[in-house]
Amino acid sequence: MSADTITRMFGGAWLGPAVMLLACAAGGANAQDLLIRNATVHTAGARGSLDNTDVLVRGGIIQAVGPALAAPAGMTVVEADGRPLTPALFGGITEIGIEEVSGESSTVDSTLKLGEQPLRPEFDVTLAYNPASVLVPVARVEGIGFTALGAHTGGGFVAGQGGVVRLDGSADPIGPRALYLRLGSAAAELTGQSRAAQWMLLQQMVDEARGRVGADSPHALLTPAGRRTLSDYLAGNGRIIVEVDRASDIRQLLRWAAREKVKVAIAGGAEAWQLAAELAQAHVPVFVDGLGNLPGTFDQIGATLENAARLHRAGVEVSFAQSGDASHNARKVRQLAGNAVAHGLPWADALAGLTRVPAQAMGVGERIGSIEPGKLADLVLWEGDPLDVAHYAEQVWLGGRAMPMRSRQTELRDRYLRRTASP
Amino acid sequence: MHQLLRAGIGLALLSLASAPATGASRFIQDPYPSTYQPRGGEAVLIHNGTVLTGTGERLDDADVLLRDGKVVEVGRSLQAGADVRRVDARGRWVTPGLIDVHSHLGVYPSPGVGAHSDGNEMTAPVTANVWAEHSVWPQDPGFAEALAGGVTSMQVLPGSANLVGGRGVTLKNVPATTYQAMKFPGAPWGVKMACGENPKRVYGGKGTAPGTRMGNVAGYRAAFIDASEYIARNTAKPAKRKRWFSGDGDDSAGDSGGKRDLKLDTLAGVIQGDIRVHIHCYRADEMSTMLDLADEFGFKVAAFHHGVEAYKLADRLAADGVCAALWADWWGFKMEAFDGIQENIALVDRPANSCAIVHSDSPEGIQRLNQEAAKVIAAARRADMPTITPEHAITWMTANAARALGIEQQTGTLEPGKNADVVVWNGNPFSSYALADEVFIDGFRYYDRTGPAGKPISDFRLGQEVR
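Since the model is a prediction, treat every value here as computed from it, not as a measurement.

**Q** Let's hear about the overall build of chain A: which residues, and what values?
**A** When helices and strands are tallied, chain A shows 12 helices and 16 strands. In summary, chain A has a C-alpha radius of gyration of 22 Å against a globular reference of 22 Å for 423 residues, a match within 12%. Counting every position in chain A, which comprises 423 residues, the buried fraction comes to 61%. Look at the contacts in chain A between residues 6 or more apart in sequence, and 67% of them connect residues 24 or more apart. Looking at chain A as shown, the accessible area adds up to about 15,300 Å², and 50% of this sits on carbon and sulfur atoms. Put simply, chain A has 38 plus and 43 minus side-chain charges, and the middle of one group is 1 Å from the middle of the other.

Right, here's the structure in full:
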């Protein structure tokens, strides 16, 4: 840990005085070594929540989780004083780093609008990811350590690919890509004004990708690259994330996924609870909007705040994704989880929905999403309950490295906090 | 200055009346009057709760007595007769009913189909002639969900496409077949204005004015110049000042302005201080411009809405007695929202005589104004600002909101004589886990989370309820 980081971590008023640096050798301490002592560790893993527990990190990897661990000489030690320690949170399906100002198209790279041949599954938004985006620290200081970059439906109902990025400033995604598509009324205008055509077009794309339509067919929907991409997903590599709300559409999706043997997940899923048993049986995770209870469209007539709880009770793996301003306000994802708890989802499962479940659903569960030896030390120490908006993240570590708890917003805040009169 | 005083003082007096008094300016006559009738209900003693009065006070283990639709008494160990129903609030918190100063419920209802898009009259940049109430669909299922979030009153506004979008209306959040039956008796109208990107994008995009921010300001000024002239033409002049060349001399009853102009009626009502000005305005510099505009034409700004940069102008807003109705955390969705910070409300709240308000502009947000405030309290604590107490934060969505809407004589606090608009929460309301248990409007319990009465079900939901 550099002296500068320590100053920023411990010199600022935003950090509670109870976090104390006990030992840090003048030289030799690795920036990615750390002992967090006496935390309430919510592992989001098999061991559940552990009181009075230490977490030892070496080289950015969690080494041990247990009581009274010894700190090797010179290691940075953080006293948690019983406060909650969680895995760094999932920020939802967002456009962090692929959009800067939503209303300014010159800053937005999440959406492909090609007039001719709009169906381009090979489109990959991770290539546009900008780790220097101001959105990255804004989300990170709130305890968010990773997000699923999502391609956004523009020219076609198949939006393209995204992937998981960790918000540590690294340039590249980790894990496999995911393919995004949208079904139902929200995509009908892209499919000839009927949701029925979505299955027609999807079937033809599958036929092309499986080689059942000649590459030189004048009716081809996909480019050669698109066929290759889609065939990867049809072979079970990577998950297809489907934004869909109406129960009848979800039923069709489950049939299609079973027939084509593809891994799918649902995003939104306002009426998913009506098919909870089927979703559980098919092992389809659902990213729910935990605040959605209005029939914003006719696809969402069955929307309820109990969606997450009902899905969970049936055995569905539940995570969270926002409608609305998911990227700039990714931090609101904690509020979704907390409200799901208020409406019946067990607390531990709500936390899992922000950590282990999305990591596994996106194919990166071996590396992140829980506090277990061997996992990356992506950790957050909280001032209080992480699922309650009444509390905040005190310190975030990614890969064992203490992240500066600063963002463009804290800079603005501090400028005007100090100012006593408006000029 | 005269107009400023009139706006500041006159409105408070006006708001006491149940309808515009006889002799009220013709600009604010109401052919669509409120038909709201309080349902009354039994006397209720909410006892042994943690009471946030909305006046900045917190009373622990305290009681609130409601009778005849009014708050009768607030204090410890209140005595009440056997006829009074008792609500045990041990472990629960009691607050005034929440008030959202910025809602589009009813005018942009759920489901959001094309036929329901009634919030923006995007056909001209100044549509002060339109009234949001004429677009309100009382069957919007969002009303009941807002009620479940503790919201008892709200201002429904036109959208922000226009420089002047039209009149807003303050409603009581009661289930009704007509909007008149929701219309808050005696509440003054608001007018919705908008700064910045929206008007210039909507009209500039069509190749018509305004296409720039300077075009926006020219548009407001032209409209208020017309309104000033309209007032002059419609004001009965003392006989000694009559001139033979007075053009409108033959008009009836001293109203010499000729044919009524609905657009100018609204703007004249603004200048005369009878219609309250609510301005959608994000940037601090534009708020300053609008304050100068208000001075130029002699009106007062009741509140800036959305103001993500209000924190940069907090002292001026407080000094001028202008409220700022804000989100806790929305930012970045457009350029004028790029400087949003989570401490905005806390910084606006900081100066003496400030008027910070939590607002929603959202059918989701209106259900959780309490949680928005909770975020602000946490952000302020993180920034090492002085502790914001629950009894203070509750004023952001009760007393301050009532003040901005001109209904502070009727609601917004738990004081004897006020309307019995009350929420009983399942705990501290400033939490993700907080839920309203019971919500009273004028003493009638319209929402009961765990009881058989439940919440109102709109006609739209019938036959497709979520069970």
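Next comes the rest of the write-up.
**Q** So, the sheet that holds strand β12 (residues 286–288) of chain A: which residues are in play, and what are the values?
**A** All names here are of chain A. On the basis of which strands lie adjacent, the open sheet formed by 8 strands has the order β6-β7-β8-β9-β10-β11-β12-β13 and mixed pairing. Only two strands of the sheet have a single neighbouring strand rather than two, namely β6 (89–94) and β13 (318–320). Strand-to-strand twist in this sheet, taken as the mean axis angle between neighbours without regard to direction, amounts to 25°. Along the sheet face, helix α9 (residues 333–342) touches β6, β7 (144–149), β12 and β13 and points at about 140° away from the line of β13.

**Q** Describe the interface of chain A and chain B, listing the residues and the values that go with them.
**A** Every contact between the two is made by 56 residues of chain A and, on the other side, 52 residues of chain B. Both sides together, the interface formed by chain A and chain B hides about 4,600 Å², and carbon and sulfur atoms give 53% of it. Area buried by chain A at its contact with chain B is led by A:L294, A:R413 and A:Y416, which between them contribute 13% of it. Linking chain A with chain B are 5 salt bridges, by the criterion used here. Salt-bridge contacts for B:R382 lead to A:E142; the nearest nitrogen and oxygen are separated by 3.1 Å. Applying the counting criterion to the chain A and chain B interface returns 31 residue pairs in polar contact (both at pLDDT 80 or more). Those elements that provide at least two residues to the side of chain A that touches chain B are α2 (135–140), α9 and α12 (408–418) of chain A. When residues in the side of chain A that touches chain B are grouped by element, the largest group, 6 residues, is from α12(A). For the side of chain A that touches chain B, the residue count by class is 26 nonpolar, 17 polar and 13 charged.

**Q** Help me get a handle on the confidence of the model for chain B, residues and values and all.
**A** Residue and element names in this part refer to chain B. In the predicted model, chain B carries a mean pLDDT of 92, and the fraction of residues at 70 or more is 91%. Under a pLDDT of 50 for its full length, residues 246–254 has, in the predicted model, 10 contacts with residues more than four places off or in other chains. On the interface metric, ipTM, the complex scores 0.92, and its pTM is 0.92.

**Q** Give a detailed account of the state of the cysteines, specifying residues and quantitative values.
**A** Residue and element names in this part refer to chain B. The full count for this structure, using the stated rule, is 2 disulfides over all chains. Disulfide pairing is shown between C195 and C281; the S-S distance is 2.2 Å. Taking the torsion about the S-S bond as the criterion, the C195 to C281 disulfide, at about -90°, is left-handed. Of this pair, C195 sits in the loop between β9 (190–194) and α3 (197–204) while C281 sits in strand β10 (residues 276–281); the two residues are 86 residues apart in sequence, bridging distant segments of the chain. Grouping residues by exposure puts C195 and C281 together as buried. Residue C323 pairs covalently with C355 via a disulfide, S to S 2.1 Å. Disulfide C323 to C355: torsion about the S-S bond roughly 80°, handedness right-handed.

**Q** An account of the packing of helix α4 (residues 213–234) of chain B against helix α6 (residues 284–297) of chain B is requested, with residue identities and associated values reported.
**A** All names here are of chain B. Here α4 crosses α6 at 20°, and the two axes come no closer than 11 Å. With respect to α6, the element α4 is oriented roughly parallel. Once α4 is placed against α6, the crossing between them reads as right-handed. From α4, R213, V217, Y220, R221, F224, I225 and S228 reach across to α6, where they touch E286, T289, M290, L293, E296 and F297. Looking at the contact of α4 with α6, its residues break down into 7 nonpolar, 2 polar and 4 charged.

**Q** Can you lay out the nonpolar core for me, pointing to particular residues and giving the numbers?
**A** One recurring pattern in soluble globular proteins: nonpolar side chains tend to sit buried together. A:W256, A:L279, A:L311 and A:F320 are the most contacted members of the largest nonpolar core, which totals 104 residues. Those residues in contact with A:W256 that lie beyond four places of it in its chain are A:W199, A:L202, A:Q203, A:V206, A:I240, A:V262 and A:V264. Judged by nonpolar contacts, the second largest core, of 99 residues, contains B:A148, B:V358, B:M385 and B:M397.

**Q** So what about the sheet that holds strand β6 (residues 98–103) of chain B? Which residues, and what values?
**A** All names here are of chain B. With mixed pairing, 8 strands are arranged side by side in an open sheet as β6-β7-β8-β9-β10-β11-β12-β13. Each edge of the open sheet is held by one strand with a lone partner, namely β6 and β13 (356–358). Going across the sheet, the axis of each strand differs from the next one's by a mean of 25°, ignoring polarity. Here β6 pairs with strand β7 (residues 151–156) via 4 bridges, running parallel. Across the sheet, residue L98 finds its bridge partner in β7, namely V151. The sheet strands contacting helix α9 (residues 369–382) are β6, β7 and β13, and the helix crosses β6 at an angle near 90°.

**Q** Tell me about the environment of A:H42, residues and numbers included.
**A** Residues and elements named next belong to chain A. If you trace the backbone, H42 turns up in strand β1 (residues 34–42). Sequence separation between H42 and T86 is 44 residues, and the spatial gap between their C-alpha atoms is 5.2 Å. Not counting residues within four places of it along the chain, the set of residues in contact with H42 comprises G48, S49, P84, L85, T86, P87, W347, L351 and I371. Side chain to side chain, H42 and S49 meet in a polar contact 2.6 Å long.

**Q** Can you explain helix α5 (residues 262–271) of chain B? Please cite residues and give values.
**A** A turn of α-helix holds 3.6 residues, and therefore any two residues three or four places apart point the same way. All names here are of chain B. Taking burial as the measure, the 10 residues of α5 include 8 buried ones, the bulk of the element. Every buried residue of α5 is accounted for by L264, D265, T266, L267, A268, G269, V270 and I271. Taking the backbone nitrogen of K263 as reference, a side-chain oxygen 2.9 Å away marks D261 as the first, capping residue of α5. At the C-terminal side of α5, G273 shows a positive phi close to 85°.

**Q** Tell me about helix α5 (residues 224–234) of chain A, and please be specific about residues and values.
**A** Residues and elements named next belong to chain A. When α5 is considered as a whole, its buried residues turn out to be G226, R227, T229, L230, Y233 and L234. For α5, the angular spread of buried residues about the axis comes to 165°, placing them on one side. Tucked into the core, α5 has its buried residues touching β8 (158–166), β9 (174–182), α4 (196–209), β10 (239–244) and α6 (247–260). The positive-phi residue at the C-terminal boundary of α5 is G236, with phi of around 90°.

**Q** I'd love a proper account of the confidence of the model for chain A, names of residues and values included.
**A** For residues with low pLDDT, the predicted coordinates do not support detailed interpretation. Predicted confidence across chain A gives a mean pLDDT of 92, with 92% of residues reaching 70 or more. Of the regions scoring below 50 in pLDDT, residues 1–28 of chain A engages in 51 contacts with residues more than four places distant in sequence or in other chains.

**Q** Describe the pattern of salt bridges, and please don't skip the residues or the numbers.
**A** Residues and elements named next belong to chain B. Within the structure shown, the criterion is met by 52 salt bridges over all chains. With its nearest N and O atoms 3.2 Å apart, the salt bridge here joins R461 to E145. Linking R461 in the segment after β16 (444–448) with E145 in helix α2 (residues 142–148), this pair joins segments that are 316 residues apart in sequence. We note that R461, like E145, is buried. A salt bridge links K375 to E372, with the shortest nitrogen-to-oxygen separation between them at 2.8 Å. Of this pair, K375 and E372 both sit in helix α9, 3 residues apart, roughly one helical turn. E372 shares its class with K375; the two are buried.

About the cut-offs
- Residues numbered from 1 in each chain as written.
- Chains lettered and ligands numbered in written order.
- Predicted model: local features only at pLDDT ≥ 70, side-chain atom pairs only at ≥ 80, totals over all residues.
- Heavy atoms only, no water.
- Helix = DSSP H or I, 4+ residues; strand = E, 2+ residues; numbered from the N terminus.
- Rg over C-alpha atoms; globule rule 2.2 N^0.38 Å.
- Buried < 20%, exposed > 50% of the residue type's maximum accessible area, 1.4 Å probe, protein only.
- Contact = heavy atoms within 4.5 Å.
- Areas by Shrake-Rupley, 256 points an atom, 1.4 Å probe, with all protein chains shown as cover.
- Lys, Arg positive; Asp, Glu negative; His and termini not counted.
- Charge placed at Lys NZ, Arg CZ, Asp CG, Glu CD.
- Pairing = 2+ DSSP bridges.
- Axes fitted to C-alpha atoms, helices over the stretch in contact; angles between N-to-C directions.
- Buried area = accessible area lost by both parts, 1.4 Å probe.
- Salt bridge = Lys/Arg side-chain N within 4 Å of Asp/Glu carboxyl O.
- Polar contact = N/O pair within 3.5 Å; in protein donor to acceptor, adjacent residues only side chain to side chain.
- Nonpolar A, V, L, I, M, F, W, Y, C, P; charged D, E, K, R; others polar.
- pLDDT = per-residue confidence, 0-100.
- Disulfide = S-S within 2.5 Å.
- Parallel < 35°, antiparallel > 145°, perpendicular 65-115°, else oblique.
- Left-handed = near helix turned anticlockwise from the far one by under 90°.
- Core = buried A, V, L, I, M, F, W, Y, C linked by side-chain atoms within 4.5 Å.
- Arc of directions from axis to C-beta.

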